[in-house]
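Residues per chain are reported as follows:
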Amino acid sequence: MPFEKFDLAGKTGLITGAAGLLGMEHAAALLESGAKVVLTDIDDVLLKAAYNRLAKNYDPVNILMNVMDVSLLENIRRVAEQLWQANVRIDILINNAAIDPKVNDSNGVFESSRLENFPIDQWNLQVAVGLTGAFLCSQVFGAAMAKDGKGGIILNIASDLSVFSPDQRLYRKTELPDDRQPVKPVTYSVIKTGLVGLTRYLATYWADRGVRSNALSPGGVFNEQGEDFVNRLSSLIPLGRMAKRDEYRSAVQFLCSEASSYTNGQNIIMDGGRSSW
Ligand SMILES: NC(=O)c1ccc[n+]([C@@H]2O[C@H](COP(=O)([O-])OP(=O)(O)OC[C@H]3O[C@@H](n4cnc5c(N)ncnc54)[C@H](O)[C@@H]3O)[C@@H](O)[C@H]2O)c1
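### Re the pairing of strand 6 (residues 211–218)
So, step 1. Burial within strand 6 is extensive, with eight of its eight residues counted as buried.
So, step 2. Burial along strand 6 is two-sided: Val211, Ser213, Ala215 and Ser217 facing one way and Arg212, Asn214, Leu216 and Pro218 facing the other are all buried.
So, step 3. As judged from the six bridges shared by strand 5 (residues 152–157) and strand 6, these two strands associate in the parallel manner. Along strand 6, the bridge assignment pairs glycine 152 with valine 211.
So, step 4. Crossover connection from strand 5 via helix 5 (residues 186–205) to parallel strand 6: handedness right-handed.
So, step 5. Sheet topology places strand 6 next to strand 7 (residues 267–270); four bridges connect them, and they run parallel. Bridge pairing links serine 217 to isoleucine 269 in strand 7.

Right, here's the structure in full:
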């Protein structure tokens with residue numbers, strides 16, 4: 001049985017930010033492997049839409065959903081308590097929620113994405129969701145995995161920008177002076193690099209309790225971005241293109257199953273070879 005170790009029957013995976021582009025793919029990956037999923041997101045309208053889309057292709061019995069804000073510990077504890085009351089044990093936690101800081105188009109007047117101008121409230125919000133949120137969810141769900149001795153898996157969704165700096169030339173607008181050029185904000189690099197540190201810490205902390213932790217670092221997913229941006233980014237990638245949204249599913253299946261039983265504390269970079277150039 002070559003794929004026996006990928007079988008997730010009897011397991012339940014909770015995904016944060018599950019209503020987004022990749023969250024849905026992570027959910028589909030686990031469902032394909034036979035797991036139940038708990039979709040969580042801060043946005044209940046998007047969450048229901050995600051549920052409806054997944055329920056068309058997978059047995060709805062295996063799909064649960066809870067509104068959950070990863071930046072609020074009490075919120076996370078409430079969801080954990082509800083799941084516990086319903087006899088749902090979380091075997092897999094995918095820390096995926098993030099606020100993707102869009103590169104602004106400020107009409108060249110004041111570019112808030114630039115480091116010199118970057119607002120502290122945006123820094124605090126983005127760190128609270130993308131990094132502190134992963135810590136809080138690991139604290140609640142990871143601790144429960146460790147406590148009952150059955151172990152589990154924590155997968156942190158980082159980014160190729162956890163291993164290299166954003167190439168700000170990708171966002172450059174020829175008509176603007178240097179001090180008004182939009183950039184990929186500093187928060188993204190800090191959060192994603194921090195997630196790799198969290199991954200390594202968790203990988204050792206509960207290793208003796210059977211909890212493994214790894215990070216997955218995807219490269220950019222094609223999602224109808226402008227042609228100019230797509231061409232610029234593709235030219236930095238040896239495979240010559242951005243990722244398709246479903247190309248990370250098999251890595252999620254590997255990292256969330258016994259197939260990766262000896263993989264712990266790693267950052268798996270899937271970037272079409274970009275970091276090799
Ligand atoms: N899409 C890409 O090209 C790409 C590339 C590399 C890494 N990633 C990473 O993959 C993950 C998913 O990205 P995506 O493209 O699906 O993003 P997305 O913006 O489509 O989804 C993010 C989800 O997080 C939710 N969210 C925001 N704040 C929240 C909070 N406080 N609590 C709970 N949920 C909250 C949003 O409602 C949204 O549904 C992110 O960590 C992102 O940084 C994405």
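### What to know about the site of the ligand
So, step 1. Taken together, 23 residues sit near the ligand, with Leu22, Asp41, Asp69, Tyr188 and Val221 positioned nearest.
So, step 2. Take isoleucine 42: an N or O atom from its main chain is 3.5 Å from a nitrogen atom of the ligand.
So, step 3. In this structure, a nitrogen atom belonging to the ligand sits 3.0 Å away from a main-chain N or O atom of valine 70.
So, step 4. When isolated, the ligand has an accessible area of 830 Å², and the protein chains bury 85% of it.
So, step 5. Listing elements by their share of the shell around the ligand, those giving two or more residues are helix 1 (21–32) and helix 5.
So, step 6. The residue makeup of the shell around the ligand, split by class, is 14 nonpolar, six polar and three charged.

### Considering the packing of aromatic side chains
So, step 1. Applying the stated criterion across every chain, the model contains four aromatic pairs.
So, step 2. Among the aromatic residues, those joined into a cluster by ring pairs are Tyr201, Tyr205 and Trp206.

### A closer look at the nonpolar core
So, step 1. In terms of nonpolar packing, the biggest core is built from 32 residues, with Leu30, Leu39, Leu54, Ile94, Leu155, Leu216 and Val252 touching the most fellow members.
So, step 2. Secondary-structure elements contributing two or more residues to this core are helix 1, strand 2 (36–41), helix 2 (44–57), strand 4 (92–95), strand 5 and helix 7 (249–255).
So, step 3. Examining the composition of this core, we find that seven residues originate from one element, helix 1, more than from any other.
So, step 4. In this structure, Ala97, Phe141, Ile154 and Val211 belong to the second largest nonpolar core, which totals 26 residues.

### Examining the sheet that holds strand 7
So, step 1. Spatially, the seven strands line up as an open sheet ordered 3-2-1-4-5-6-7, and their pairing is parallel. The sheet terminates laterally at strand 3 (63–67) and strand 7, the two strands that pair on one side only. When the angles between neighbouring strand axes are averaged without regard to direction, this sheet yields 20°.
So, step 2. Across the sheet, helix 3 (residues 73–85) is in contact with strand 1 (12–15), strand 2 and strand 3; its angle to strand 3 comes to roughly 150°.
So, step 3. Most of the contacts of helix 4 (residues 120–147) go to strand 4, to which it runs at about 175°, and overall it touches strand 1, strand 4, strand 5 and strand 6.

### Remarks on the packing of helix 4 against helix 5
So, step 1. Where helix 4 meets helix 5, the closest approach of the two axes is 10 Å, and the angle between their N-to-C directions is 15°. Taken together, the axis directions place helix 4 and helix 5 in an arrangement best described as roughly parallel. In the packing of helix 4 onto helix 5, the handedness of the crossing is right-handed. Between helix 4 and helix 5, the residues in contact are Gln122, Trp123, Gln126, Val127, Gly130, Leu131, Ala134, Phe135 and Ser138 and Val186, Thr187, Val190, Ile191, Gly194, Leu195, Leu198 and Leu202, respectively.
So, step 2. Residue composition of the contact of helix 4 with helix 5, grouped by class: 11 nonpolar, six polar and no charged.

### A short note on helix 2
So, step 1. With 14 residues, helix 2 should cover 20 Å at 1.5 Å per step; its first-to-last C-alpha distance of 21 Å lies within 8% of that length.
So, step 2. Of the residues making up helix 2, those classed as buried are Leu47, Ala50 and Leu54. Down the axis of helix 2, the buried set is contained in an arc of 65°. They therefore lie on one face. In this structure, helix 2 carries Val45 and Lys56 as exposed residues pointing more than 90 degrees from its buried face.
So, step 3. For helix 2, the elements touching its buried residues are helix 1, strand 2 and strand 3.
So, step 4. Of the residues flanking the start of helix 2, the one acting as N-cap is aspartate 43, its side-chain oxygen 3.1 Å from the backbone nitrogen of valine 45.

Each value, and the rule that gives it
- Here the residue numbers are simple positions, counted from 1 along each chain's written sequence.
- Reporting of local features is limited, given that this is a predicted model, to residues whose pLDDT is at least 70; pairs of side-chain atoms are given and counted only at 80 or more, and all residues count toward the totals for whole chains, interfaces and linings.
- The side-chain quantities take in all heavy atoms of the structure and omit both hydrogens and water.
- Note on exposure labels: buried denotes an accessible area under 20% of the residue type's maximum, exposed denotes more than 50%, and partly exposed covers the range between, all computed with a 1.4 Å probe on protein chains only.
- Segments assigned H or I by DSSP are reported as helices when at least four residues long, segments assigned E as strands when at least two residues long, and all are numbered from the N terminus.
- Pairing between two strands is assigned when DSSP locates at least 2 bridges connecting them.
- Place the viewer so that the strands point away; then a crossover is right-handed whenever the path from the first strand over the helix to the second strand goes clockwise.
- Proximity criterion: a residue is near a molecule or strand once any of its heavy atoms comes within 4 Å of it.
- Here a polar contact means two N or O atoms within 3.5 Å. Within protein one must be a hydrogen donor candidate and the other an acceptor candidate, and residues neighboring in sequence count only if both atoms are side-chain atoms.
- Each accessible area is a Shrake-Rupley estimate made with a 1.4 Å probe; only the visible protein chains count as cover when residues are assessed.
- Classes in brief: Ala, Val, Leu, Ile, Met, Phe, Trp, Tyr, Cys and Pro nonpolar; Asp, Glu, Lys and Arg charged; the others, Gly included, polar.
- Classification of ring pairs rests on two measures: the distance between centres of Phe, Tyr or Trp rings, Trp counted by its six-membered ring, which must be within 6.5 Å, and the angle between planes, read as stacked under 30 degrees, edge-to-face over 60 and tilted in between.
- In these notes, a set of buried Ala, Val, Leu, Ile, Met, Phe, Trp, Tyr and Cys residues joined through side-chain atoms within 4.5 Å is what counts as a nonpolar core.
- What counts as an axis is a line fitted to C-alpha atoms, over the stretch in contact for a helix, and the angles between N-to-C directions run from 0 to 180 degrees.
- The contact criterion used throughout is that any non-hydrogen atoms of two residues lie within 4.5 Å.
- Should an angle lie under 35 degrees it is considered roughly parallel, over 145 roughly antiparallel, and from 65 to 115 roughly perpendicular; all remaining angles are considered oblique.
- For a crossing to be left-handed, the near helix must be turned anticlockwise from the far one by less than a right angle; the clockwise case is right-handed.
- Under the convention used throughout, the expected extent of a helix is 1.5 Å for every residue step, that is, one less than its residue count.
- It is the directions from the helix axis to the C-beta atoms that the arc portrays.

None of this, on its own, says anything about what the molecule does.
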